[in-house]
Protein chains: 2
Amino acid sequence: MPILSKKAVEMPASPIRKLAPFAEQAKKKGVHVYHLNIGQPDIETPSVALQAIKNMDRKVIEYSHSAGFESYRKKLALSYQKIGLPVQFEDIIITNGGSEALIFGLMCTCNPGDEIIIPEPYYANYNSFALMAGVKVVPIISSIQSGFALPPINEFEKKINSKTKAIVICNPGNPTGYLYTKSELLQIRELVKKHNLFLFADEVYREFCYDGAKPISVLELEGLEENVIMIDSVSKRYSMCGARIGALVSKNKLIVEAALKFAQARLSPPTVDQIAAEAALDTPKSYFDDVVNEYVERRNILVDGLNKIPGVFCPKPSGAFYCVAQLPVDDAEKFCQWLLEEYSYENQTVMLAPANGFYSSNQLGKNEVRLAYVLNKEDLTQAVKVLNEALKIYPNKA
Amino acid sequence: MPILSKKAVEMPASPIRKLAPFAEQAKKKGVHVYHLNIGQPDIETPSVALQAIKNMDRKVIEYSHSAGFESYRKKLALSYQKIGLPVQFEDIIITNGGSEALIFGLMCTCNPGDEIIIPEPYYANYNSFALMAGVKVVPIISSIQSGFALPPINEFEKKINSKTKAIVICNPGNPTGYLYTKSELLQIRELVKKHNLFLFADEVYREFCYDGAKPISVLELEGLEENVIMIDSVSKRYSMCGARIGALVSKNKLIVEAALKFAQARLSPPTVDQIAAEAALDTPKSYFDDVVNEYVERRNILVDGLNKIPGVFCPKPSGAFYCVAQLPVDDAEKFCQWLLEEYSYENQTVMLAPANGFYSSNQLGKNEVRLAYVLNKEDLTQAVKVLNEALKIYPNKA
């Protein structure tokens, strides 16, 4: 048979799904598995969005404009303006989820062999998108001790060379939950300007900021109009992960024009889902207040609970709905597999995502896991208890 | 500002949308434009699919499996089995339209710099997908005189070298409407086996075959189990272009495994649309009978009408809903622009797609246009009349 491409071989399997077969086995044995491994919220999709789908009266599910329905882009632009972001509808390309926005963005800015710098740990699929574009990811370590704050700028400077085309940040961060401060973003601004780079910011968790913290968008950074590409998505905001509606947003007209050509090639983003996403823009503020309150309580249960377990350290995140915790084990991946394959407490176990999949530097994150607090409070309380009991008897402690 | 990538510069604008601004101008002047340029059918989406959307009772629009809902893949596999194709659900990855299936397929099989051979004229977006994957398209001319039949196999042989990784066909063809015969497909089979190539077949128009012609899938070609990648989509079949649900189908397990890793990176195809696509599999046969009868009548009106215009030649296609016609003009693109910009007949004009965008060989198709017969019979009759009148007075005749 003909041989596959290098990309087919090198494309990583998803680190959050790698252990799925072991979870299936556990379930077959009748063990209840608490899924803290994936970012699929249990929060209900806003009813305005669900109703818009039910009320759709089209007889033909036609293509939309390749950049997305103009009505949706206009209303989305307005929603950005309301939070102080200077976005016009012409600055927006609607995409198949945030994923496609980043793929288009990378392909529009980077040639094969070019480099992008990303503070690690970072969303694992960035590796896959970079591989598709033939781009090399250059990681910079942010440490769990600092709560995953921005690494010192001189660490970036050391890695910048003639092949460096962009910095990529996720803010608030997946998997860390860290929210960059204004001072950190201003440092990034100076760096990007100095070296004439593109700046990608994945801001899909913008609405999930806690304890009064305010998210700052890269679109607010003055003088970076030509450099910034913001990646957005309705997936988490409206608990509509399956709608696959994202956006590439940039004030750089050449970027938007180029991204539109990529968008035209695949014709259009999904029509019904855009109708739902447009309607979701009318979600009342009370929905977000409720959701944020719920996540704060969940975070507190999970993070406070984790930090009470001997040997566990978990910085308290200000955003998103993930945290990264250090466990007193020699190899978190083996521990996660053991939890599913060999362990149960009162017929329950937990599924976690080993954090090393979120690092590209070898050997980093070996004793860390990512946890998503997307379960209800009772389940989270119980999951922490199960984890505590498991660590008491796990044979391969660090 | 930082400079864009080579791909951003080289990515072609869509040839079927290039003239859109002129159509807008014509409409602003109050001229009615008959759109024969795009493949957006006016046929109604089957009511089972629309109802499934209305009846969806999910409270959370969650991700599906990255390969698509198992229930959908199983039912889709069954639908292939019913038409004699040996497909199991494990052979299927559900994608964001046929477009994503081809992008995944190319990235899984070809390294940057590799070559794929495609008979031209071909669907213009293949160029864009090839560019994304860094792959070079090597065209082989099929001629309008033969009705766009398969070019002689020795023409393929001449182009095959160590970089050739795949042959790509579209059957029935867009833009030609040509349906490959069994003998032609057997020739392709021998070629693919002899040179150990991959064979991509875009079969999204399978249901649109006329005059008793039967489509043959590449999945029926014996001994090509490891070579064949079939691209499918619900877009045209169920007039659900905006659903963005396609599929990559292959009996080669390594291809499916690799494509799944690409699919995992972008998480999932759209959920609501998969529900609609699954329901659409219950569309009654009468729907397709009606649709095929309708298209045959439309084709006859359009193609017979075109051939009655002095100097126009249009082979009668057996499938899809496009045809390519030769016009007595020196430059079809200029003529198409003139139709929108300067011409009107009883306040009406027609929009056609210049065919040179469907050729990659320079200068080919300069006096050809693609026409989609996706309008009702009255409109098509009128559009042919307008075109006839226009050609009577067009100043730059060939």
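Calculation rules
- Residues numbered from 1 in each chain as written.
- Chains lettered and ligands numbered in written order.
- Predicted model: local features only at pLDDT ≥ 70, side-chain atom pairs only at ≥ 80, totals over all residues.
- Heavy atoms only, no water.
- Least-squares fit on C-alpha atoms with pLDDT ≥ 70 in both.
- Contact = heavy atoms within 4.5 Å.
- Core = buried A, V, L, I, M, F, W, Y, C linked by side-chain atoms within 4.5 Å.
- Buried < 20%, exposed > 50% of the residue type's maximum accessible area, 1.4 Å probe, protein only.
- Axes fitted to C-alpha atoms, helices over the stretch in contact; angles between N-to-C directions.
- Helix = DSSP H or I, 4+ residues; strand = E, 2+ residues; numbered from the N terminus.
- Parallel < 35°, antiparallel > 145°, perpendicular 65-115°, else oblique.
- Nonpolar A, V, L, I, M, F, W, Y, C, P; charged D, E, K, R; others polar.
- Phe/Tyr/Trp six-rings, centres within 6.5 Å; stacked < 30°, edge-to-face > 60°.
- Pairing = 2+ DSSP bridges.
- Right-handed = clockwise from strand over helix to strand, strands pointing away.
- Disulfide = S-S within 2.5 Å.
- Left-handed = near helix turned anticlockwise from the far one by under 90°.
- Expected span 1.5 Å × (residues − 1).
- Arc of directions from axis to C-beta.

Colleague: Would you explain the relation of the copies chain A and chain B in this entry?
Modeller: The operation relating the pair of chain copies consists of a rotation about an axis and a translation along that axis. Of the two same-sequence chains, chain A is brought onto chain B (RMSD 0.0 Å, axial shift 0.0 Å) by a rotation of 180°. Taken together, the rotation angle and the small translation identify this as a two-fold axis. No C-alpha of chain A approaches the rotation axis more nearly than that of A:Lys54, which lies at 2.2 Å. Of all interface residues in chain A, 99% are interface residues in chain B too; the two copies therefore contact each other through one and the same surface.

Colleague: Would you take a moment to explain the nonpolar core for this structure?
Modeller: If you look at soluble globular proteins, the nonpolar side chains tend to sit buried side by side. Counting residues in hydrophobic clusters, the biggest one holds 237 residues, and the most contacted among them are A:Phe335 and B:Phe335. Residues within four places of A:Phe335 in sequence aside, it is in contact with A:Leu327, A:Val329, A:Leu352, A:Leu387, A:Ala390, A:Leu391 and A:Tyr394. Ranked by size, the runner-up nonpolar core spans 86 residues in total, among them A:Ala8, A:Ile255, A:Ala263 and B:Val135.

Colleague: How do you make sense of the packing of helix H12 (residues 332-341) of chain A against helix H13 (residues 377-393) of chain A when you look at a structure like this?
Modeller: Residue and element names in this part refer to chain A. Axis separation between H12 and H13 bottoms out at 12 Å; the angle between their running directions is 110°. Taken together, the axis directions place H12 and H13 in an arrangement best described as roughly perpendicular. Two secondary-structure elements touch here, H12 through Phe 335, Trp 338 and Leu 339 and H13 through Leu 387, Ala 390, Leu 391 and Ile 393. Here the contact of H12 with H13 is composed, by residue class, of 7 nonpolar, no polar and no charged.

Colleague: Is there a simple way to think about the packing of aromatic side chains in this case?
Modeller: Think of a pair of aromatic rings as described by two things: how far the centres are apart, and how the planes are tilted against each other in angle. In the structure shown here, the tally under the stated rule is 34 aromatic pairs over all chains. Relative to A:Tyr373, the ring of A:Tyr295 has its centre 6.1 Å away and its plane inclined at 70°; by these criteria the two rings are edge-to-face. Taken together, the residues A:Tyr295 in helix H11 (residues 285-308) and A:Tyr373 in the loop between strand S12 (368-372) and H13 connect sequence positions 78 residues apart. For the pair formed by A:Tyr295 and A:Tyr373, the shared burial category is buried. Pairing B:Tyr205 with B:Phe321 gives two aromatic rings, centres 5.3 Å apart and planes at 90°, and the pair type is edge-to-face. With B:Tyr205 in the loop between strand S6 (198-202) and strand S7 (228-233) and B:Phe321 in the loop between helix H11 (285-308) and strand S9 (322-326), the pair connects residues that are 116 residues apart, well separated along the chain.

Colleague: What am I meant to see in the pairing of strand S10 (residues 348-351) of chain B here?
Modeller: Looking down a regular strand, the side chains alternate between one sheet face and the other. All names here are of chain B. Burial along S10 is two-sided: Gln 348 and Val 350 facing one way and Thr 349 and Met 351 facing the other are all buried. When strand S1 (residues 32-35) meets S10, the two strands line up parallel, connected through 4 bridges. Counterpart to His 35 in the pairing with S10 is Met 351.

Colleague: Mind showing me how you'd approach the sheet that holds strand S8 (residues 245-249) of chain B here?
Modeller: Paired through their backbone hydrogen bonds, the strands of a sheet run either parallel or antiparallel. Residue and element names in this part refer to chain B. The strand order S2-S8-S7-S6-S5-S3-S4 describes an open sheet built from 7 strands, whose pairing is mixed. Whereas interior strands pair on both sides, the edge strands pair on one side only; in this sheet they are strand S2 (92-96) and strand S4 (136-141). The sheet shows a mean angle of 25° between the axes of neighbouring strands, direction not considered. With 4 bridges connecting them, S6 and S7 associate as parallel partners. Bridging across to S7, Leu 199 finds its partner in Val 228.

Colleague: Please explain the pairing of strand S5 (residues 164-170) of chain A as it appears in this structure.
Modeller: Residue and element names in this part refer to chain A. In terms of burial, S5 is a largely internal element, 7 of the 7 residues being buried. The pairing of strand S3 (residues 115-120) with S5 spans 3 bridges and is classified as parallel. Paired with Glu 115 across the strands is Thr 164, a residue of S5. Viewed along the sheet, the connection from S5 through helix H8 (residues 182-195) into strand S6 (residues 198-202) turns out right-handed.

Colleague: Is there a simple way to think about the environment of A:Lys54 in this case?
Modeller: Mapped onto the secondary structure, A:Lys54 falls in helix H3 (residues 47-54). For A:Lys54, a relative accessible area of 31% translates into the label partly exposed. Considering only alpha carbons, one finds A:Lys54 and A:Lys165, 111 residues apart in sequence, at a separation of 44 Å. Other than its neighbours up to four places away in sequence, A:Lys54 contacts B:Lys54, B:Asn55 and B:Met56.

Colleague: What's the story with the state of the cysteines in this structure? I'm lost.
Modeller: Note: disulfide means a covalent bond formed between the sulfur atoms of two cysteine side chains. Residues and elements named next belong to chain A. The tally for this structure, following the rule as stated, stands at 0 disulfides over all chains. Left unpaired, Cys 108 is separated from the closest cysteine sulfur, that of Cys 110, by 9.8 Å. Accessibility expressed as a relative area gives 1% for Cys 108, which makes it buried.

Colleague: I keep staring at unusual backbone geometry and nothing clicks. Help me out?
Modeller: Excluding glycine, most residues fall at negative phi; most peptide bonds, likewise, are trans. Cis peptide bonds are those with omega within 30 degrees of zero, and the linkage from A:Asn174 to A:Pro175 qualifies with 15°. Tracing the backbone shows A:Pro175 in the loop between S5 and H8. Although it is not a glycine, A:Ser239 sits at a positive phi angle of roughly 50°. Examined against the element boundaries, A:Ser239 turns out to sit in the loop between strand S7 (228-233) and strand S8 (245-249). Here A:Ser239 falls in the buried class, since its relative accessible area comes to 1%. Positive phi is not limited to glycine here, since B:Arg244 has a value of about 55°. With respect to the helices, strands and loops of the structure, B:Arg244 is situated in the loop between S7 and S8. Accessibility expressed as a relative area gives 2% for B:Arg244, which makes it buried.

Colleague: Can you walk me through the packing of helix H5 (residues 97-109) of chain A against helix H6 (residues 125-133) of chain A in this structure?
Modeller: How two helices sit against one another is set out by the angle between their axes and by the gap between those axes. All names here are of chain A. Direction vectors running N to C along H5 and H6 enclose 40°, while the axes themselves pass 9 Å from each other. Judged by the angle between their axes, H5 and H6 are oblique. In this structure, the crossing between H5 and H6 has a hand that is right-handed. Residues Ser 99, Leu 102, Ile 103, Leu 106 and Met 107 of H5 lie in contact with H6, whose contacting residues are Tyr 126, Phe 129, Ala 130, Met 132 and Ala 133. Split by residue class, the contact of H5 with H6 holds 9 nonpolar, 1 polar and no charged.

Colleague: Please explain helix H8 (residues 182-195) of chain B as it appears in this structure.
Modeller: Along an α-helix, residues three or four positions apart point the same way, because every turn accommodates 3.6 residues. All names here are of chain B. In this model, H8 (14 residues) spans 20 Å end to end at C-alpha, consistent with the 20 Å of a helix rising 1.5 Å per residue. Of all the positions in H8, only Glu 184, Leu 185, Ile 188, Leu 191 and Val 192 are classed as buried. The buried residues of H8 occupy an angular sector of 120° when the element is viewed end-on, so they sit on one face. Away from the buried face of H8 by more than 90 degrees, exposed residues Lys 182 and Lys 194 are located. Of the surrounding elements, those touching the buried residues of H8 are helix H7 (153-159), strand S5 (164-170) and S6. One or two positions beyond H8, positive phi appears at Asn 196, with a value near 55°.

Everything listed here is a matter of coordinates, which is why it stays silent on function.
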